[in-house]
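Coordinate analysis (summary)
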Amino acid sequence: MNRRILFALLTVVASAALVSAQKKAWTQPRTPDGQPDFAGYWTNATYTPLERDRELGTKEFFTPAEAEAYAKKREQLENSQSKEDIHYDNVIWQSEKYAKVVTRSRTSIIYDPPDGRIPELTPAARALAATRATEAQAHGPSESAGTRSLGERCISWGNEGPPMLGSTYQANLQIVQTNKAFVIRHEIMHGVRIIPVDGTPHVSKNVRLLFGDSRGRFEGDTLVVDTTNYGDRTPFRGPPATTRQDIFTGRELHVTERLTRQDADTIIYRFTVDDPGTFVKPWSGEMVMRRMDGPLFEYACHEGNYGLANILSAARVEEKTAGGQTAP
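Description of the structure in this document. Just so it is clear, the structure is predicted and the values come from calculations on it, not from any experiment.

1. Describing the side chain of Glu 160
- Structurally, Glu 160 can be placed in the loop between α4 (123–139) and β3 (172–177).
- Put simply, Glu 160 is tucked away with no salt bridge, and the nearest opposite charge, on Arg 193, sits 8.0 Å away.
- Among the polar contacts listed, one links the side chain of Glu 160 to the backbone nitrogen of Met 189, at a separation of 2.7 Å.
- Setting aside chain neighbours within four positions, we find Glu 160 in contact with His 186, Ile 188, Met 189, His 190, Gly 191, Arg 193 and Phe 211.

2. Quick notes on the pattern of salt bridges
- Tallying each qualifying case throughout the model produces 16 salt bridges.
- Across the pair Glu 286 and Arg 106 runs a salt bridge whose closest N-O atoms are separated by 2.8 Å. Placement of the pair is Glu 286 in strand β10 (residues 283–291) and Arg 106 in the loop between α3 (90–93) and β2 (110–112), with a sequence separation of 180 residues.
- For Glu 286, a relative accessible area of 0% puts it in the buried group.
- The shortest N-O distance in the salt bridge between Arg 316 and Glu 319 comes to 2.9 Å. With a gap of three residues between them, Arg 316 and Glu 319 both fall in helix α5 (residues 307–322), about one helical turn apart.

3. Remarks on the packing of aromatic side chains
- Scanning all chains against the criterion turns up eight aromatic pairs.
- Here the aromatic rings of Phe 38 and Phe 182 are separated by 5.6 Å at their centres, their planes lie at 75 degrees, and the arrangement is edge-to-face. Taken as a pair, Phe 38 in the loop between α1 (3–25) and β1 (40–43) and Phe 182 in strand β4 (residues 181–186) lie far apart in primary sequence, 144 residues in all. In this structure, Phe 38 and Phe 182 share a single accessibility class: buried.
- Measuring from ring centre to ring centre gives 6.1 Å for Phe 271 and Trp 283, while their planes differ by 85 degrees; the resulting arrangement is edge-to-face. On the criterion of sequence distance, the pair formed by Phe 271 in strand β9 (residues 266–274) and Trp 283 in strand β10 is long-range, its members being twelve residues apart.
- By the ring-pair criterion, three or more aromatic residues cluster together here, those being Tyr 269, Phe 271, Phe 279 and Trp 283.
- The cationic tip of Arg 270 hangs over the ring face of Tyr 111; the distance from NZ or CZ to the ring centre is 4.3 Å.

4. Examining helix α2 (residues 64–79)
- End to end, α2 covers 23 Å across 16 residues, agreeing with the expected 22 Å (1.5 Å per residue, within 8%).
- Of the positions making up α2, those classed as buried are Ala 67, Tyr 70, Ala 71, Arg 74 and Glu 78. One side of α2 holds all its buried residues, which, seen down the axis, span an arc of 100 degrees. α2 presents Ala 65, Lys 72, Lys 73 and Gln 76 as exposed residues on the side facing more than 90 degrees away from its buried surface.
- Among the structural elements, α3 are those in contact with the buried residues of α2.

5. Thoughts on a nonpolar patch on the surface
- Taken together, the side chains of Val 203, Val 207 and Leu 209 make up a nonpolar region of the molecular surface, amounting to roughly 180 Å² of accessible area.
- Structurally, Val 203 can be placed in the loop between β5 (192–196) and β6 (213–219).
- For Val 203, a relative accessible area of 31% gives the class partly exposed.

6. Quick notes on unusual backbone geometry
- Going from Asp 112 to Pro 113, the amide bond is cis rather than trans, its omega being 10 degrees.
- Secondary-structure assignment places Pro 113 in the loop between β2 and α4.
- Of note, the amide linkage connecting Gly 161 to Pro 162 takes the cis form, showing an omega dihedral of 5 degrees.
- Structurally, Pro 162 can be placed in the loop between α4 and β3.
- The backbone of Cys 154 shows a phi angle near 60 degrees, a positive value even though the residue is not glycine.
- Given the relative accessible area of 7%, Cys 154 is considered buried.

7. Notes on the state of the cysteines
- In the structure shown here, the tally under the stated rule is one disulfide.
- Disulfide pairing is shown between Cys 154 and Cys 301; the S-S distance is 1.9 Å. On the sign convention where negative is left-handed, the bridge of Cys 154 and Cys 301, at about -70 degrees about the S-S bond, is left-handed. Pair noted here: Cys 154 is in the loop between α4 and β3 and Cys 301 is in the loop between β10 and α5, with a separation of 147 residues, a long-range link.

So, how was this worked out
- Residues numbered from 1 in each chain as written.
- Predicted model: local features only at pLDDT ≥ 70, side-chain atom pairs only at ≥ 80, totals over all residues.
- Heavy atoms only, no water.
- Helix = DSSP H or I, 4+ residues; strand = E, 2+ residues; numbered from the N terminus.
- Buried < 20%, exposed > 50% of the residue type's maximum accessible area, 1.4 Å probe, protein only.
- Lys, Arg positive; Asp, Glu negative; His and termini not counted.
- Salt bridge = Lys/Arg side-chain N within 4 Å of Asp/Glu carboxyl O.
- Polar contact = N/O pair within 3.5 Å; in protein donor to acceptor, adjacent residues only side chain to side chain.
- Contact = heavy atoms within 4.5 Å.
- Phe/Tyr/Trp six-rings, centres within 6.5 Å; stacked < 30°, edge-to-face > 60°.
- Lys NZ or Arg CZ within 6 Å of the ring centre and 35° of its normal.
- Expected span 1.5 Å × (residues − 1).
- Arc of directions from axis to C-beta.
- Patch = residues over 30% accessible without salt bridge, like charges linked within 9 Å, V, L, I, M, F, W, Y side chains within 5 Å.
- Areas by Shrake-Rupley, 256 points an atom, 1.4 Å probe, with all protein chains shown as cover.
- Disulfide = S-S within 2.5 Å.

What follows is the structure in structure tokens.
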């Protein structure tokens, strides 16, 4: 065998062995209190859609080639902004120092049910959805600030969860730990989840919160977070490009999250949504959090934001014009 070829082969084998040894050598770091240490800056940015395309059926994973092609397709789609789309430059404001990926080659974040899709609504939930749609038509989308989305009002995009489904851009978060709390700070909108891990019980069932009431515990090296006490307007959802925006839940919603460090740069995040009043059965998903360089920056959603005020004022002008009045 040619010596150069032999040397190249030995180099490849040695490099692979070194990488393998490094992975095997990694051990779960711990806090001074002995808890698994998750602290740092992470991103859950992904091209993987929440729900699987129907034509893929029960195919849970792409091949490496398929995953690469899908990622390229999504990147091209996000960067193909029409000249008539007078908005931010997507290539600039959606870019990060890291690249988005197809999460573990998954065809969808949801892996259960096996078709990778959100289960059907219960009869009661379908009736509620119809009632809300009728109410929305009666009031109009621009009747007041309260009829606009929580995102437009800079309250929440729904990505903060739970479950945490990421955002279109700046899908970044910071984890801080104490012996009593596990804290997750999101760059968008500006949410900070303070999850007690000291055995503190849930608040009274009479207390209902937009993002629920979370309590954590460690099972080995996995953090398990149990969240209840939601209201009936909980807005969790992922990016519009990869997630339906009509997801809603009820007061029976119960979310279980599991965070496990896989290695120095990876957290496996799994969740189960159980809302018997809304969905005919529970559903579960998986995402990956990858280590990134900090810090996080203030989102400042309302700074220089005239959009909401202009939407409402334009709606008032339209009303006056329709009523035969002269607009100011």
